[in-house]
Amino acid sequence: MPAVQRNGRTVPKQDMPEKSSQQSTTQAMPTSRPRPSSYLLLVYPVILALGSLFSILSPIAAPPSEPLTPGIASDLNAPHFHHANYFAGKRNIVNIYFVKFGWFWTTLAFVLLQITIRPANQRHYVQTGLRYALVTLSWFLTTQWFFGPALIDRSFTITGGHCEPQMVNTTGLKEAIDMSRISSGLACKVAGGRWRGGYDISGHVFMLVLSSAFLLYELHISDRDSSHPSVSPQAAARLAHDMTEEERKAVGGWETETRARIRIWSRYFVYAVVLLDFWMLMMTAIWFHTWLEKLAGLLIAAVTVHGTYFLGDVVPFWRELVGGL
């Protein structure tokens, strides 16, 4: 048995602690993914601040000279705005087909993300489903129904908002009174009226912030909970291309190349939805709503995101129930 010198004495080689091999093994082990900080959410007020600042300082985005009645800034499509920028009008194609159906696109991106991953623990799906239910409930109560009119409609009427006829001279007194009793912005629009006079919480800001933050955090969690968290989908596809069936089984059932490429494209779809969220958030900040209305939408979304993903830091039971970052 070969021997080596250590501290002036000869010892068998097998008596040496395998420190170097242990170090190399430790270094080769993949490190866990860093947890996203809650401070990353500060990007949203920054976007809103930049957009609002641009709307004030830019001569292109300067509002009309006549003052706007509080609560109708988001509903007014003045010719000045149309000529200034395509996205200044509510009838731009992204607003009609993306923002108006925003939660549908968010749900579709979320589902595609979940069905293309291979979590190491099936509990991942239960907790992910609970988180989706929480953010969807917040979206539903804020924009669709809150024991009657949605939260944004209730806040509007409580602060003095109402539905009024488009043309007072052509509307009878009874019709005008009936229209003033409408308590929903959508119902007012269907009736041919104008929703004005109150504090109009920005539903666009709320939905766009909630959608993008939800998808980005779920993307991180899906990667973290994957069977191979240290391997990107692109690398997984390259490895799968050269693997035999025996090799795939030997490493714990490696995904096929086709599945890996589907996972890549599902992520591209998530990225596309998030980018459109950010773009339309900037457009909303520039062209629509007052500062306070945008801030209110941001705060409701921020409370939802913090409650879903960060409440577990102080309430361990909550983390056990819904998981999180």
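- The name an unreviewed UniProt entry gives the chain is Acyl-coenzyme A diphosphatase SCS3, with Cladophialophora carrionii as the organism.
- Under the UniProt heading Sequence similarities (unreviewed entry), the entry covering the chain gives this text: "Belongs to the FIT family. Fungal FIT2B/SCS3 subfamily."
- The UniProt entry for the chain carries the following text under Subcellular location (unreviewed entry): "Endoplasmic reticulum membrane".

## Overview of the overall build of the chain
Then, number 1: For the chain, the count of helices and strands is 15 helices and four strands.
Then, number 2: Relative to its full complement of 325 residues, the chain shows a buried share of 41%.
Then, number 3: The long-range share in the chain, meaning contacts at least 24 apart out of those at least 6 apart in sequence, stands at 74%.
Then, number 4: Of the accessible surface of the chain, which amounts to about 18,400 Å², a share of 66% is contributed by carbon and sulfur atoms.

## Thoughts on the UniProt feature "transmembrane region" (unreviewed entry) in the chain
Then, number 1: In the numbering used here, UniProt assigns the "transmembrane region" (unreviewed entry) feature to residues 39–61, 96–117, 268–289 and 295–318.
Then, number 2: With 82% helix and 0% strand, residues 96–117 has end C-alpha atoms that lie 31 Å from one another.
Then, number 3: As a span, residues 268–289 carries 91% helix and 0% strand, and end to end its C-alpha atoms are 31 Å apart.

## Details of the environment of Met207
Then, number 1: As for its position among the elements, Met207 is in helix α10 (residues 203–224).
Then, number 2: Relative accessible area serves as the criterion here: at 5%, Met207 is assigned to the buried category.
Then, number 3: Distance from Met207 to Trp103, taken between C-alpha atoms, is 7.7 Å for residues 104 residues apart in sequence.
Then, number 4: Sequence-distant contacts of Met207, that is, excluding residues within four places in its chain, are made with Val99, Gly102, Trp103 and Trp139.

## Focus on unusual backbone geometry
Then, number 1: Its identity is not glycine, yet Phe147 carries a phi of approximately 55°, on the positive side.
Then, number 2: Mapping Phe147 onto the fold places it in the loop between α6 (123–143) and α7 (151–158).
Then, number 3: Here Phe147 falls in the exposed class, since its relative accessible area comes to 62%.
Then, number 4: One non-glycine residue, His289, lies in positive phi territory at about 70°.
Then, number 5: Taking relative accessible area as the criterion, His289 reaches 13% and is therefore assigned buried.

## Thoughts on a nonpolar patch on the surface
Then, number 1: A grouping of Val126, Leu130, Leu311, Val314, Val315, Phe317 and Leu321 is seen on the molecular surface, where their side chains present a nonpolar patch of about 620 Å² in accessible area.
Then, number 2: Going through the elements one at a time, α6 and α15 (316–322) are the ones with two or more residues in the nonpolar patch.
Then, number 3: Looking at where Val126 falls in the secondary structure, it is placed in helix α6.
Then, number 4: Val126 sits in the exposed class, given a relative accessible area of 54%.

## Overview of the packing of aromatic side chains
Think of a pair of aromatic rings as described by two things: how far the centres are apart, and how the planes are tilted against each other in angle.
Then, number 1: Under the defined criterion, the tally for this structure stands at 17 aromatic pairs.
Then, number 2: Note on Phe104 and Trp105: the rings are 5.0 Å apart at their centroids and 70° apart in plane angle, and the pair reads as edge-to-face.
Then, number 3: Assessed through its relative accessible area of 49%, Phe104 is described here as partly exposed.
Then, number 4: By relative accessible area, which is 27% here, Trp105 ends up partly exposed.
Then, number 5: Where Trp265 meets Tyr268, the ring centres are 5.1 Å apart and the plane angle is 90°; that geometry is what we call edge-to-face. Of this pair, Trp265 and Tyr268 both sit in helix α13 (residues 257–287), three residues apart, roughly one helical turn.

Criteria and thresholds
- Residues numbered from 1 in each chain as written.
- Predicted model: local features only at pLDDT ≥ 70, side-chain atom pairs only at ≥ 80, totals over all residues.
- Heavy atoms only, no water.
- UniProt positions renumbered as here; feature names shortened; annotations may be inferred.
- Helix = DSSP H or I, 4+ residues; strand = E, 2+ residues; numbered from the N terminus.
- Buried < 20%, exposed > 50% of the residue type's maximum accessible area, 1.4 Å probe, protein only.
- Contact = heavy atoms within 4.5 Å.
- Areas by Shrake-Rupley, 256 points an atom, 1.4 Å probe, with all protein chains shown as cover.
- Patch = residues over 30% accessible without salt bridge, like charges linked within 9 Å, V, L, I, M, F, W, Y side chains within 5 Å.
- Salt bridge = Lys/Arg side-chain N within 4 Å of Asp/Glu carboxyl O.
- Phe/Tyr/Trp six-rings, centres within 6.5 Å; stacked < 30°, edge-to-face > 60°.

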